[in-house]
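Close look at the chain arrangement
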Amino acid sequence: MNSTNSTFSLNATLVHPPFFFINGLSMPHAKYYYVFLCFVFVVSVLGNSFVLFSIYKERSFHTPKYMAVFNLSLADLGESTALIPNLIAMFLFDSQYISFDACMANMFFVFFFTCLQSLTLAVLAYDRLVAICLPLRYHAIITMPAMAVILTVVWAYDSVLLILMVSLVSTRLSFCKSIVVKSYFCDHGPTATLACNDYNVNRNMGIVVIVLLFYVPFIFTVLSYVFIARALFKIASWEGRLKAMKTCSAHLILVAVYYLPILYTYVSALASTIHPNVRIMSTSFAKAIIPMMNPIIYVLNTEEVKEFSKKLFKRETSNHNRNILKNKNKGIN
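Residues numbered from 1 in each chain as written. Predicted model: local features only at pLDDT ≥ 70, side-chain atom pairs only at ≥ 80, totals over all residues. Heavy atoms only, no water.

Considerations on the packing of helix H4 (residues 100-133) against helix H6 (residues 144-172)
Convention followed: Lines fitted to C-alpha atoms define the axes, with helix axes restricted to the stretch in contact, and inter-axis angles between N-to-C directions lie between 0 and 180 degrees. Going along the chain from the N terminus, every DSSP run of H or I of four or more residues is numbered as a helix, and every run of E of two or more is numbered as a strand. What sets the label is the angle itself: under 35 degrees gives roughly parallel, over 145 gives roughly antiparallel, 65 to 115 gives roughly perpendicular, and the rest give oblique. Take the far helix as the reference: if the near one is turned anticlockwise from it by less than a right angle, the crossing is left-handed, and if turned clockwise, right-handed. Residues are grouped as follows: Ala, Val, Leu, Ile, Met, Phe, Trp, Tyr, Cys and Pro are nonpolar; Asp, Glu, Lys and Arg are charged; every other residue, Gly included, is polar.
The geometry of H4 relative to H6 is characterised by a closest axis approach of 9 Å and an angle of 150° between their N-to-C directions. Taken together, the axis directions place H4 and H6 in an arrangement best described as roughly antiparallel. The two elements H4 and H6 cross, and the hand of that crossing is right-handed. Here the contact of H4 with H6 is composed, by residue class, of 22 nonpolar, 2 polar and 1 charged.

Some thoughts on the confidence of the model for the protein
Convention followed: pLDDT measures the predictor's confidence residue by residue and takes values from 0 up to 100. Any two residues whose heavy atoms approach within 4.5 Å are treated as being in contact.
The pLDDT averaged across the protein works out to 83; a share of 85% of its residues lies at or above 70. Mean pLDDT per element in the protein: helix H1 (residues 2-7) is the minimum at 43, and H6 is the maximum at 95. For the stretch residues 1-7, pLDDT sits under 50, and the model shows 3 contacts to residues farther than four places along the chain or on other chains.

Digging into a nonpolar patch on the surface
Where we set the bar: Patch membership requires more than 30% relative accessible area and the absence of a salt bridge. Residues of like charge join within 9 Å; the nonpolar side chains Val, Leu, Ile, Met, Phe, Trp and Tyr join within 5 Å. Areas reported as accessible are Shrake-Rupley estimates using a 1.4 Å probe. Residue values count occlusion only from the protein chains shown. In the sections that follow, a salt bridge refers to a side-chain nitrogen of Lys or Arg positioned within 4 Å of a carboxyl oxygen of Asp or Glu. Per-residue accessibility, obtained with a 1.4 Å probe over protein chains only, is compared with the maximum for each type, and a residue is labelled buried under 20%, exposed over 50%, and partly exposed between these values.
Together, Ile219, Val222, Leu223, Val226 and Phe227 make up a nonpolar patch on the protein surface, roughly 440 Å² of accessible area in all. Tracing the backbone through its elements, the reader meets Val226 in helix H8 (residues 200-233). Judged by relative accessible area, Val226 falls into the partly exposed class, the value being 41%.

Comments concerning the state of the cysteines
The condition that has to hold: The disulfide definition used here is simple: a pair of cysteine sulfur atoms within 2.5 Å.
According to the stated counting rule, one finds 2 disulfides in the structure shown. Here Cys103 engages in a disulfide with Cys186; their sulfurs sit 2.0 Å apart. Disulfide Cys103 to Cys186: torsion about the S-S bond roughly -125°, handedness left-handed. Taken together, the residues span a long stretch of sequence, with Cys103 in helix H4 and Cys186 in the loop between strand S5 (180-181) and helix H7 (188-192) at a distance of 83 residues. On the accessibility criterion, Cys186 (0% relative accessible area) is buried. Residue pairing for Cys176: its cysteine sulfur links by disulfide to Cys196, the two sulfurs lying 2.0 Å apart.

Some words on the nonpolar core
Convention followed: We call a set of buried Ala, Val, Leu, Ile, Met, Phe, Trp, Tyr and Cys residues a nonpolar core when their side-chain atoms join them within 4.5 Å.
One finds Phe20, Tyr34, Met104, Met107, Leu162, Met165 and Phe175 to be the most contacted residues of the largest nonpolar core, which totals 84 residues. When residues in this core are grouped by element, the largest group, 17 residues, is from H4. Setting aside residues up to four positions removed in sequence, Tyr34 forms contacts with Gly24, Leu25, Leu87, Ile88, Phe91 and Leu92. With 8 residues, the next largest nonpolar core counts Ile132, Ile228, Ala231 and Leu232 among its residues.

Points about the sheet that holds strand S3 (residues 19-22)
Pairing between the strands of a sheet comes from backbone hydrogen bonds, and it takes one of two forms, parallel or antiparallel. Stated formally: At least two bridges found by DSSP between two strands is the condition for calling them paired.
Strand order in this open sheet of 3 strands is S4-S3-S5, and the pairing throughout is mixed. Looking at strand neighbours, the two that pair on one side only are strand S4 (97-99) and S5, the edges of this open sheet. As judged from the 2 bridges shared by S3 and S5, these two strands associate in the parallel manner. The residue bridging Ile22 from the neighbouring strand is Val181, located in S5. Across the sheet, H4 lies against S3 and S4, angled at about 90° from S4, the strand it touches most.

Describing the packing of aromatic side chains
What counts here: Pairing of aromatic side chains requires ring centres within 6.5 Å, counting the rings of Phe and Tyr and the six-membered ring of Trp. Pairs whose planes differ by under 30 degrees are stacked, by over 60 edge-to-face, and all others tilted.
Within this structure, the stated rule accounts for 19 aromatic pairs. When the ring of Phe109 is compared with that of Phe113, the centres are 6.4 Å apart and the planes differ by 20°; the resulting orientation is stacked. With Phe109 and Phe113 both in helix H4, this residue pair falls 4 residues apart, about one helical turn. You can call Phe109 partly exposed: its relative accessible area is 40%. An aromatic cluster is defined as three or more aromatic residues linked by ring pairs; in this entry it consists of Phe108, Phe109, Phe112, Phe113 and Trp155.

A look at the environment of Ala195
Among the secondary structure elements, Ala195 is positioned in the loop between H7 and H8. Distance in space between the C-alpha atoms of Ala195 and Cys176 is 7.0 Å, their sequence separation being 19 residues. When residues no more than four places from it in sequence are discounted, the contact partners of Ala195 are Leu173, Ser174, Phe175 and Lys177.

Some remarks on the environment of Pro17
For Pro17, the location among the structural elements is in the loop between strand S2 (14-16) and S3. On the accessibility criterion, Pro17 (2% relative accessible area) is buried. Considering only alpha carbons, one finds Pro17 and Asp101, 84 residues apart in sequence, at a separation of 9.9 Å.

Here's the deal with the side chain of Ser118
With respect to the element layout, Ser118 can be found in helix H4. Under the relative-accessibility criterion, Ser118 is labelled buried at 0%.

Remarks on H6
We apply this condition: Helix span is expected to be 1.5 Å times the residue number reduced by one.
For H6, which comprises 29 residues, the first-to-last C-alpha distance of 42 Å matches the rise-based estimate of 42 Å (1.5 Å per residue) to within 8%. Every buried residue of H6 is accounted for by Met147, Leu151, Val154, Asp158, Ser159, Leu161, Leu162, Met165, Val166, Leu168 and Val169. Summarising the contacts, the buried residues of H6 are in contact with helix H3 (64-91), H4, H7 and H8.

What follows is the structure, encoded as structure tokens:
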């Protein structure tokens, strides 16, 4: 009993280890992969910061649609920050131990921002649904106050479910066996399976969270585009259809980039036994690359953002040339 107390903290009938060991990739040259993720993180932070700055700075972007885009960039930035710096610290600097409390915090924030992306994509699908199916009523339905309420509900919904999921780990489970988490962060499933008491409630809660925060928004998004497709077929001219479809192009690409890698990983895991290294690389790559791709997709596929980028670039170039000219004049004087 003394040896147990020296290694584990006992809380009533629960046994919590002082730390977990995050296993990560068990393969040669894995550090090169983490260096690549570091590059992805830098690009993601710069890209999403640019989108946030653009929406904040440009008055024409102060609309309900861009409020949701702002929320998506915030979720991308949050997920990258919650995930990748920890990966770099753990695996590039051989510090794979994480305290129990830090592990619970890491679990919450990674899942919170990942699910916030899914929910925000559903909100943007709703925006496009109203814009194309009810164009005359769009400005009456999608208002700034309405979008603020929707996004507040999204944040509250996401928070409550994930607080419940994480709190069930810390208040129900005892960890008196292995402390090695076979993942690249404090993933819910691999952490819960380490418990030495019954974790069925936690497993069921994990399923509920995946259904409510991943599959339900995905189904809603797919159904939205079914109704959008029906509305597009009612437009007589091909030019009108293409113009309406163009307003959805950026969002459709974002949906594909977000859902396809995650769905592929889930389906592969169900169809056959997937190697831990393959699961870790596919899920970590998807979680890292999505926040990097989202701002690039919006800049390249949204005309307003492209125009703002050009205008900003021209302004900065003009200011730079003006400063060079001033410095030359000072040198002459």
